[in-house]
Amino acid sequence: MQSLLCWSLLIQAALGAVLAPRNTTVACNSSPDLCSRAYSNITQLGAHDSPFLNNASASNTISFSDAGNQNVNSVAQLTAGVRLLTAQVHNNNGAWHLCHTSCSLLDAGTLSAWLSTIKTWMDGNPNDVVTILLVNSDDASAEDLSAEFEAANITSYGYQPPSTTTALATWPTLQEMISNNTRLVTFVADLDPSTNTVAPYLLDEFTFVFENPYNVTSFSNFSCVADRPPAVFEQTATAISSGRLPLVNHFLDESEGLGIDIPDTANITTTNGKTGVGSLGAAASDCSAAYGKAPAFLLVDFFDEGSAISIVNSLNGISTTAVGQTTPSVTSTSSSGASSISSLGFGSYGSLGVLFVAWFAHQI
């Protein structure tokens, strides 16, 4: 009888350890520290010209890989921690394609196909808020663009602000956007909000965002001064007080002539570096001081070279290890439909727990 009591105490202790509450902290955009913060109060790492790759594996229909701005595709960018993806939209014989400057230079395929890959990633990452910025190079209408979003079946994720004609005084928190499953913010440059009656999730960029200069070809020419939209040109204080979110362009180009600029790949680790003239770290510090707050977006070429990820993490006050981490999902059923071990609360001790219970039952 004493032996039975001992075994009873042992099994209670074992089951207590196995069934103890687990850490259920949810990470928003890879960190639980960001969940309670407003969309406007975080810094998002942006991949400039996200779909345009400069390597031999790129699926560009035109072989001009030197015009590419990234090493890996948009899905890999998202997985690594990028949360702003930008692309150029062009009319290619009546179809809306992602082309770099011209579809005869570099064509990365249709807008809808690209959006489909983003939708698939978002389906599998339900605690992440993603931002897209489309450069509307050939003046696609809201109807044109919404048709591409509908074809990709991604419209349900679209965030719709209370007003599409004025900058927001208060943005929702990441957790609120995640809870409402409106986790995709889409800016379009440009899209007249007064003519957009079909897709309120397509937001005119410069109603909500201002940018510093781009097309920089010298380290000494990087600047935090407001450049676009024209209403705030060289009026940084006005841009900030308007409620627009600051987007910092930080990529170095070299001119190929005929109006064609390509990324300066030879200096990319300096451009994306932490310190020094023309570095991303210096720009982040200088622009934070100029704006009175950290930029909402840092847009770079080749985000995976240099220190872009760690710089953005520092601005957000999170550790480097937070980026790329995900919270494992716990499935309630196995592929056969039966309850899984993890759903019963055994977690990683499931097999041990079940075997112990079975062995104890046999002993008594």
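Sequence order sets the numbering: in each chain, residues are counted from 1 along the sequence as written. In keeping with the predicted nature of the model, local features appear solely for residues at pLDDT of at least 70, side-chain atom pairs appear and are counted solely at 80 or more, and the whole-chain, interface and lining totals rest on all residues. To obtain the side-chain values, all non-hydrogen atoms of the structure were included, while hydrogens and water were left out.

## A few points about empty space enclosed by the protein
Gaps left between atoms show up when a probe the size of a water molecule is rolled over them.
Here is step 1 of the chain: Think of a 1 Å grid over the protein atoms and nothing else: a 1.4 Å probe that fits but is trapped marks a cavity, an open set flanked by protein within 12 Å on at least five of seven lines marks a pocket, and residues with an atom within 4 Å of a point count as lining. Grid points are joined across faces, edges and corners, and a volume is the space filled by probe spheres set on the points. Overall, the coordinates contain 1 cavity of 30 Å³ or more when judged by the stated rule.
Here is step 2 of the chain: In this structure, the largest cavity spans a volume of roughly 150 Å³.
Here is step 3 of the chain: Lining the largest cavity are 15 residues, with N29, G81, R83, V312 and N316 sitting closest to its centre.
Here is step 4 of the chain: By the criteria applied, helices consist of DSSP H or I runs no shorter than four residues and strands consist of E runs no shorter than two, each listed in order from the N terminus. Residue assignment for the lining of the largest cavity shows that the elements contributing at least two residues are strand 1 (44–47) and helix 10 (308–316).

## Brief notes about the state of the cysteines
Here is step 1 of the chain: In this description, the term disulfide denotes a pair of cysteine sulfurs within 2.5 Å. The tally for this structure, following the rule as stated, stands at 3 disulfides.
Here is step 2 of the chain: Between the sulfur of C224 and that of C287 lies a disulfide, 2.1 Å long from S to S. For the disulfide bridge between C224 and C287, the dihedral angle about the S-S bond is near -90 degrees, and by the sign convention the bridge is left-handed. Separated by 63 residues along the polypeptide, C224 in the loop between strand 8 (209–211) and helix 7 (236–241) and C287 in helix 9 (residues 280–291) bring together distant segments of the chain.
Here is step 3 of the chain: In this structure C224 comes out as buried when scored by relative accessible area, which is 15%. A simple rule labels every residue: compare its accessible area, found with a 1.4 Å probe on the protein chains alone, to the largest value its type can have, and call it buried under 20%, exposed over 50%, or partly exposed in between.

## Side note on the pattern of salt bridges
Here is step 1 of the chain: The term salt bridge refers to a pairing of a side-chain nitrogen on Lys or Arg with a carboxyl oxygen on Asp or Glu at a separation within 4 Å. Summed over all chains, the structure comprises 3 salt bridges.
Here is step 2 of the chain: Here D128 and R83 are joined by a salt bridge, their closest N and O atoms 2.8 Å apart. In this pair, D128 sits in the loop between helix 3 (111–124) and strand 5 (130–136) while R83 sits in the loop between helix 2 (74–80) and strand 2 (84–92), placing the two residues 45 residues apart along the sequence. This pair shows no difference in class: D128 is buried, exactly as R83 is.
Here is step 3 of the chain: In this structure, R228 and E211 form a salt bridge, with 2.5 Å as the shortest nitrogen-oxygen distance. One end of the pair, R228, is in the loop between strand 8 and helix 7; the other, E211, is in strand 8, and 17 residues separate them in sequence.
Here is step 4 of the chain: By relative accessible area, which is 25% here, R228 ends up partly exposed.
Here is step 5 of the chain: Assessed through its relative accessible area of 4%, E211 is described here as buried.

## A closer look at unusual backbone geometry
Here is step 1 of the chain: For the bond from A189 to D190, the omega torsion is -5 degrees, close enough to zero to count as cis.
Here is step 2 of the chain: Cis geometry is adopted by the peptide bond preceding P229, which originates at R228 and carries an omega value of 5 degrees.
Here is step 3 of the chain: Structurally, the position occupied by P229 is in the loop between strand 8 and helix 7.
Here is step 4 of the chain: One non-glycine residue, D49, adopts positive backbone phi at about 50 degrees.
Here is step 5 of the chain: Assignment of secondary structure puts D49 in the loop between strand 1 and helix 2.
Here is step 6 of the chain: Positive phi, normally seen in glycine, also occurs at E234, with a value near 55 degrees.

## Some points on the layout of surface pockets
Here is step 1 of the chain: Of the volumes computed, that of the largest pocket is approximately 640 Å³.
Here is step 2 of the chain: Elements supplying a minimum of two residues to the lining of the largest pocket: strand 2, strand 5, helix 6 (205–208) and strand 11 (260–263).
Here is step 3 of the chain: When residues are grouped by polarity, Ala, Val, Leu, Ile, Met, Phe, Trp, Tyr, Cys and Pro land in nonpolar, Asp, Glu, Lys and Arg in charged, and all others, Gly among them, in polar. A per-class count over the lining of the largest pocket returns 9 nonpolar, 11 polar and 8 charged.

## A word on the environment of D264
Here is step 1 of the chain: On the secondary structure map, D264 appears in the loop between strand 11 and helix 8 (268–271).
Here is step 2 of the chain: Definition of a polar contact: a pair of N or O atoms within 3.5 Å, with one able to donate and the other able to accept a hydrogen when the atoms are protein atoms, and with sequence-neighbouring residues admitted only if both atoms are side-chain atoms. Within the local environment of D264, its side chain forms a polar contact with the backbone nitrogen of A266, the two atoms lying 3.3 Å apart.

## Description of helix 10
Here is step 1 of the chain: Taken together, the buried positions of helix 10 are A308, S310, I311, V312, N313 and N316.
Here is step 2 of the chain: Residues of helix 10 that are buried sit in contact with strand 1, helix 9 and strand 12 (297–300).
Here is step 3 of the chain: Positioned one or two residues after helix 10, G317 has a phi angle of 70 degrees, which is positive. Only heavy atoms enter the contact rule, under which two residues are in contact if any of them lie within 4.5 Å.

## What to know about the nonpolar core
Soluble globular proteins tend to bury their nonpolar side chains together.
Here is step 1 of the chain: Put simply, buried Ala, Val, Leu, Ile, Met, Phe, Trp, Tyr and Cys residues joined by side-chain atoms within 4.5 Å make one nonpolar core. The biggest cluster of nonpolar side chains holds 52 residues, and the ones touching the most others in it are W114 and I118.
Here is step 2 of the chain: With 6 residues, helix 3 is the single largest residue contributor to this core.
Here is step 3 of the chain: Those residues in contact with W114, other than ones at most four positions away along the chain, are S50, P51, S74, L85, A87, L98, I132 and L134.
Here is step 4 of the chain: L34, Y159, L174 and V185 belong to the second largest nonpolar core, which has 26 residues in total.

## A short note on the packing of helix 9 against helix 10
Here is step 1 of the chain: Contact pair helix 9 / helix 10: the axes reach a minimum separation of 10 Å and the direction vectors enclose 25 degrees. Between helix 9 and helix 10, the interaxial angle falls into the category roughly parallel. Like other packed secondary-structure pairs, helix 9 and helix 10 cross with a definite hand, here right-handed. From helix 9, L280, G281, A284 and S288 reach across to helix 10, where they touch A308, I311 and L315.
Here is step 2 of the chain: Looking at the contact of helix 9 with helix 10 residue by residue, the classes come out as 5 nonpolar, 2 polar and no charged. An axis is simply a line fitted to the C-alpha atoms; with a helix, the fit covers only the stretch in contact. Between two such axes, the angle follows the N-to-C directions and lies from 0 to 180 degrees. Working rule for angles: under 35 degrees goes down as roughly parallel, over 145 as roughly antiparallel, 65 to 115 as roughly perpendicular, anything else as oblique. Crossing handedness follows the turn of the near helix against the far one: under a right angle anticlockwise gives a left-handed crossing, and clockwise gives a right-handed one.

## Examining the packing of helix 3 against helix 4 (residues 142–151)
Here is step 1 of the chain: At a minimum axis separation of 8 Å, helix 3 and helix 4 run at an interaxial angle of 45 degrees. Comparing the axis directions of helix 3 and helix 4 gives the class oblique. Along this stretch, helix 3 crosses helix 4, giving a crossing that reads as right-handed. On the side of helix 3, the interface is formed by L111, S112 and L115, while helix 4 contributes L145, E148, F149 and A151.

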